[in-house]
Each structure stands twice: as C-alpha cells, then as structure tokens.
2 protein chains.
Amino acid sequence: MKTRERIIQASWELFNKHGERNITTNHIAAHLNISPGNLYYHFRNKEEIIRCIFNLYEQQLQEHFQPYIAEIVDAELFISYFDALFDTLWEYRFMYNNLADILSRDESLKTNFQLSQKQWAQQLCQNYIQLQQDGILNIHEEEIEPLVDTIIMVANFWISYKFTQSLSPIGSISKGSLYEGILRVLLLMQRYAAPGTEEIFEKTAEYYHSQEMSNKLSLETHGIME
Amino acid sequence: MKTRERIIQASWELFNKHGERNITTNHIAAHLNISPGNLYYHFRNKEEIIRCIFNLYEQQLQEHFQPYIAEIVDAELFISYFDALFDTLWEYRFMYNNLADILSRDESLKTNFQLSQKQWAQQLCQNYIQLQQDGILNIHEEEIEPLVDTIIMVANFWISYKFTQSLSPIGSISKGSLYEGILRVLLLMQRYAAPGTEEIFEKTAEYYHSQEMSNKLSLETHGIME
DNA sequence: GTCTATAGTTGGATAGAC
DNA sequence: GTCTATCCAACTATAGAC
C-alpha cells in the first residue's frame, strides 16, 4: 500500500480508537514508523487527512440510502436500511464523537458536510414518502420533514450522547450502544406506523434487540478493519 | 464584585459568546484587565472555572423541574416548563455547544454531570407520570423512560445539531433556533397526546412558533447578562 | 520519498517582586 | 491580591541532507 493510503488508514483507525482530538500528526507518524516530515510530505496538515476520510464517508452515505426497489416492504428491507445506518455510524464514529468540534475547525469541511447532510435528508424523505404510499407509514406529507430531521439529529448525535452518559472514554462506544440508537430511531418511526404493520416493526425491533444484547458486554475498541 | 466572582462572570459571557474552546485563560484575564497570574491566584486552572459555572447549572436544573402542583393542566403550565428548559439551554449554551468535549477533559465534572442528568431524568419521568395520571398523555408506563431519554437527548444536543446545520460560527446560535428545539421536544410529546388535549398542545405550539418568528432574524450573540 | 533536526506558536502555569 | 516575567509542554510545520 502506498504511504499516502497507509496514512489515511492509520489515521482512521487511531481516530476511531482514541478520538480525533487526542491523535496528533506525530502519533500517526509514530504509529506507522515514519517521520513527521514524511507525513507532511503527503499531506499539508491534519485537516487534509480528515477531509480524505470524509470523502469516503460522503460516498457511503449516498450509496446506502437510495430509494428501495423491493416489491414488498418487510422486516428484511427495514433491516437492510438500518444496517447501512449502523455501518456508517460505526465506521465513522470518530466523526460523530466530535462533530461540532471537527466542523468548527474547517470551514470547507463544514460546507461539504452540510451539503451531504442535505442530500441525505432528501433521500430519506423520498424513502418515507415511498413508505407512506406503500401503506407502511400513516403520516401526513408535512410531518415527514420534521420526522426525518429528528431522526437525522438522533443519528448524528447518538454517539456523543452515549459518551456523555457512560463511564468509558471517548472512542470506546460499544456496538451494543449503537444498536440501542438504531432501536431509538425505529421507535421514532414506529409512532407513525400504519395499522396492520405491527409485525414488520416488531420483527425489526426484535432483531436489533438481539444484536444489542450480544454486543453489550463487548467493550472492544478495535479499529474499522476488524 | 470580588475578583473571583468577576472571573466567573466574564468566563461565562466569553464562553457563550465565542465558544469555550476558543477562550483561553489569557483571554479571560485580558478581558478583565487583570494579569494571567492573578487569575491563577484565584483558580487552579480553567477546569475549575468551568466547574463553578457547572454548579450553578446543576442548581438551576434541580429547581426548575419539580413536580407541578397546578390543579388544571393547561398551555400555561406547559409553557412555564418549556420556558425553564429554554432558559437553561440559553444561559448555558456554551456547555451544550461542546458537551462531549468539555466532559472528556474533566473526569470529575463528567461524573457530576451524569449524576445531575440522572436526577433530571427522574424528575421528568415523575412529571410525565403525573401527566399520564391527569389524562394528558396516553402513554404506557414502560414507554415513559424511552420518551424522556429521547427528549433529554434532543435537549442536550439540539444546539450542537443546529451548529452543524448552520453557517454561523460556534456561540452564535439565535434564540429562534432554540425555540425551534423546544417545538421539536413538544412534537415528541405530542405523539402521546390523549384525545381531547389537542388544544393544550396547539396553544403551546402556537406560542413558541410566535417566539421563534420574532427571534429568527436576531443573530445577537450577547452574553447571559442581557 | 524519506529522514533528522529544528523553528515557530500557543496556551497553561508558576516564581518572586510589590 | 496583583503584577511582571518567564518557563514549560505540546503540537504544527518546514528546511535541507540523503
């Protein structure tokens, strides 16, 4: 692997493990057994590394939340969407650990972030309109936007929230806590469930409850490569 | 006013205005026209200043969310509670701007924060049980905790969320945006409104909509003393 | 491309005079 | 209590040799 690529991978891992704030360019270089000077040969500064990781994030967000083409809406479809959300939160958890802080230090990153958030919101709105038309959600047109906005807020800050409520240091959120967040998002949707769709929501909830349980005690702080 | 007191007040104002992260002990001293050495005579470090402000926060939280004693539950009662929430968010917005970050730098502050959050959650649960018994909320016993937890989460991170979604720099959230957050919390409650209580929720919402509108364009970044 | 060495900056914190 | 002067640590970033 090229050095530039290795720097990105190592930064990503270290950020997730210890928190972006606690990892300096020196740490990254030391971890790779290269010199700080070498790192600065490949990147102008730490922000540029973060921006590279962010580009991958942006891509993942766009790919994962396209309109669904399934003919029948069932728990399986729900789970595929929520799993996509879970993966994004887990793989980029260092960003969610410290979103406001990271964005406040890089104007251009903030602008890009807002753009991709806006697109994500639109994609979600599309998904929810589809769900309404398919008779899954009993929701008024004008209620969709606030719901999506709330869900995005919960998704974006769940990790920070769990950190403030737990003993563990930044970077050590468990997968179990993340599944709890997924369940919370599901709960927000469920308040708009159309009659007769109980089974879909219940089966989905059941699935994530079992995921939550089997990941509760694992306090693993592995990087993204596991 | 004693110097110690003036340091607290000045820090508080500056934190709210520019973000806690951007204010150093030097800034605080300069703002008061005292020397850094003098500041360090009164406080061991910046964390100690923050802890003092936090103690005031804790107190306010406890006082403001006692069980209600009103005989009839109406929009006025709702508004008095939401106003208390608004005041807390507004006056201590520098904390909410950067909660995870501040807590990650001070283990003992984090412990205290968690304790007061727990108490606040219990107080809110009590309030909601009361509302259920008074026939305002149509909610199962076991649904109260997740609802309160979601509301606390939204309350704690609304300011950070609005920052990530807006152009303005940290510390410059408008009162209008905060009222929007209050409305969002109200919306979460409203999904559990008992039949016949529509008027209470609607009148409350109407009130905060008007507040939101009249504070929307004011981008004022005044301190807490205004 | 990569290294060593080092300059520059900032913010936290203290010593000692007044 | 307050000031001046200064130190220290951490981190960013660059220069120049190999």
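Residues numbered from 1 in each chain as written. Chains lettered and ligands numbered in written order. Predicted model: local features only at pLDDT ≥ 70, side-chain atom pairs only at ≥ 80, totals over all residues. Heavy atoms only, no water.

Chain A has the name TetR/AcrR family transcriptional regulator in an unreviewed UniProt entry, where Shewanella surugensis is given as its organism.

Asks: I keep staring at the UniProt feature "domain: HTH tetR-type" (unreviewed entry) in chain A and nothing clicks. Help me out?
Replies: In the UniProt entry, the feature "domain: HTH tetR-type" (unreviewed entry) is given for residues 1–61 of chain A. Structurally, residues 1–61 of chain A is divided into 77% helix and 0% strand, and its ends, taken at the C-alpha atoms, are 25 Å apart. (UniProt positions renumbered as here; feature names shortened; annotations may be inferred. Helix = DSSP H or I, 4+ residues; strand = E, 2+ residues; numbered from the N terminus.)

Asks: Can you help me understand the domain arrangement of chain A in this one?
Replies: One frequently used descriptor of interface size is the decrease in accessible area upon assembly of the parts. Residue and element names in this part refer to chain A. Each domain of chain A was delimited in the assignment, giving domain 1 (1–44) and domain 2 (50–221). A straight line from the C-alpha centre of domain 1 to that of domain 2 covers 28 Å. Facing 12 residues of domain 1, the contacting portion of domain 2 comprises 16 residues. A combined buried area of about 1,200 Å² lies between domain 1 and domain 2, and 59% of that area is made up of carbon and sulfur atoms. Its largest share of buried area at the contact with domain 2, domain 1 owes to Trp12, Asn16 and Glu20, together 51% of the area lost on that side. Notably, a salt bridge pairs Asp101 with Arg21, separated by 2.7 Å at the nearest N-O pair. Of the residues assigned to the side of domain 1 that touches domain 2, the class counts are four nonpolar, four polar and four charged. (Domains from an automatic or database assignment. Contact = heavy atoms within 4.5 Å. Buried area = accessible area lost by both parts, 1.4 Å probe. Salt bridge = Lys/Arg side-chain N within 4 Å of Asp/Glu carboxyl O. Nonpolar A, V, L, I, M, F, W, Y, C, P; charged D, E, K, R; others polar.)

Asks: I tried to follow the packing of aromatic side chains on my own but got confused; where do I start?
Replies: How two aromatic rings sit relative to each other is given by the distance of their centres and the angle of their planes. Residues and elements named next belong to chain A. Scanning all chains against the criterion turns up 35 aromatic pairs over all chains. Between Phe82 and Tyr208 the ring centres are 6.1 Å apart and the planes differ by 80°, which places this aromatic pair in the edge-to-face class. Within this pair, whereas Phe82 is found in helix α5 (residues 75–91), its partner Tyr208 is found in helix α11 (residues 198–214), the two being separated by 126 residues in sequence. Residue class for Phe82 comes out buried when judged on its relative accessible area of 7%. For Tyr208, a relative accessible area of 0% gives the class buried. (Phe/Tyr/Trp six-rings, centres within 6.5 Å; stacked < 30°, edge-to-face > 60°. Buried < 20%, exposed > 50% of the residue type's maximum accessible area, 1.4 Å probe, protein only.)

Asks: What am I meant to see in the protein's contact with DNA strand D here?
Replies: Taken together, 14 residues sit near DNA strand D, with Thr25(A), Thr3(B), Ser35(B), Asn38(B) and His42(B) positioned nearest. Put simply, 72% of the atoms of DNA strand D that lie within 4 Å of the protein are in sugar or phosphate. Thr25(A) places a side-chain nitrogen or oxygen 2.9 Å from a phosphate oxygen of DNA strand D. Between His42(B) and DNA strand D, the recorded distance is 3.0 Å, taken from a side-chain N or O atom to a phosphate oxygen. Within the residue set of the surface near DNA strand D, elements represented by two or more residues are α2 (25–32) and α3 (36–42) of chain A together with α3 (36–42) of chain B. At four residues, the largest contribution of residues to the surface near DNA strand D is made by α3(B). Class assignment for the residues of the surface near DNA strand D results in three nonpolar, 11 polar and no charged. (Near = heavy atom within 4 Å. Polar contact = N/O pair within 3.5 Å; in protein donor to acceptor, adjacent residues only side chain to side chain.)

Asks: Explain the relation of the copies chain A and chain B to me, please; I cannot follow it from the model alone.
Replies: Each of the two chain copies can be generated from the other by rotation about an axis followed by a shift along it. Of the two same-sequence chains, chain A is brought onto chain B (RMSD 0.0 Å, axial shift 0.0 Å) by a rotation of 180°. Those values place the two copies in the arrangement expected of a two-fold rotation axis. An overlap of 100% is found between the interface residues of chain A and their copies at the interface of chain B, pointing to a shared contact surface. (Least-squares fit on C-alpha atoms with pLDDT ≥ 70 in both.)

Asks: Can you walk me through helix α4 (residues 46–64) of chain B in this structure?
Replies: Each full turn of the α-helix corresponds to 3.6 residues, which orients residues three or four apart in the same direction. All names here are of chain B. For α4, spanning 19 residues, the distance from its first C-alpha to its last is 28 Å, which sits close to the expected 27 Å at 1.5 Å a residue. Of all the residues in α4, the buried ones are Lys46, Ile49, Ile50, Cys52, Ile53, Phe54, Tyr57, Gln60 and Leu61. Two to three positions downstream of the cap, the backbone nitrogen of Glu47 sits 3.2 Å from a side-chain oxygen, assigning the N-cap of α4 to Asn45. (Expected span 1.5 Å × (residues − 1).)

Asks: Looking at this structure, I do not really get the protein's contact with DNA strand C. What am I missing?
Replies: The environment of DNA strand C is made up of 14 residues, and the closest members are Thr3(A), Ser35(A), Asn38(A), Tyr40(B) and Asn45(B). Backbone sugar and phosphate groups make up 71% of those atoms of DNA strand C lying within 4 Å of the protein. The backbone of Ser35(A) places a nitrogen or oxygen atom 2.8 Å from a phosphate oxygen of DNA strand C. Here a phosphate oxygen of DNA strand C sits 3.0 Å away from a polar atom, N or O, in the side chain of Thr25(B). Mapped by element, the contributors of at least two residues to the surface near DNA strand C are α3 of chain A together with α3 of chain B. Counting residues per element, the surface near DNA strand C draws most heavily on α3(A), at four residues.

Asks: Before we go on, may I ask you to explain the pattern of salt bridges in this structure?
Replies: For side chains bearing opposite charge, pairing can occur when the charged atoms are close. Residue and element names in this part refer to chain A. Taken as a whole, this structure holds 18 salt bridges over all chains when the rule is applied. Among the salt bridges present, the one from Lys46 reaches Glu20, with a minimum N-O distance of 3.1 Å. On the criterion of sequence distance, the pair formed by Lys46 in helix α4 (residues 46–64) and Glu20 in the loop between α1 (3–18) and α2 is long-range, its members being 26 residues apart. Grouping residues by exposure puts Lys46 and Glu20 together as buried. Via salt bridges that share partners, Glu20, Arg21, Lys46, Glu47, Asp101 and Arg105 belong to a single interconnected network.

Asks: Explanation requested: the UniProt feature "DNA-binding region" (unreviewed entry) in chain A in the structure shown.
Replies: The feature "DNA-binding region" (unreviewed entry), as given by UniProt, occupies residues 24–43 of chain A in the numbering adopted here. Structurally, residues 24–43 of chain A is divided into 75% helix and 0% strand, and its ends, taken at the C-alpha atoms, are 13 Å apart.

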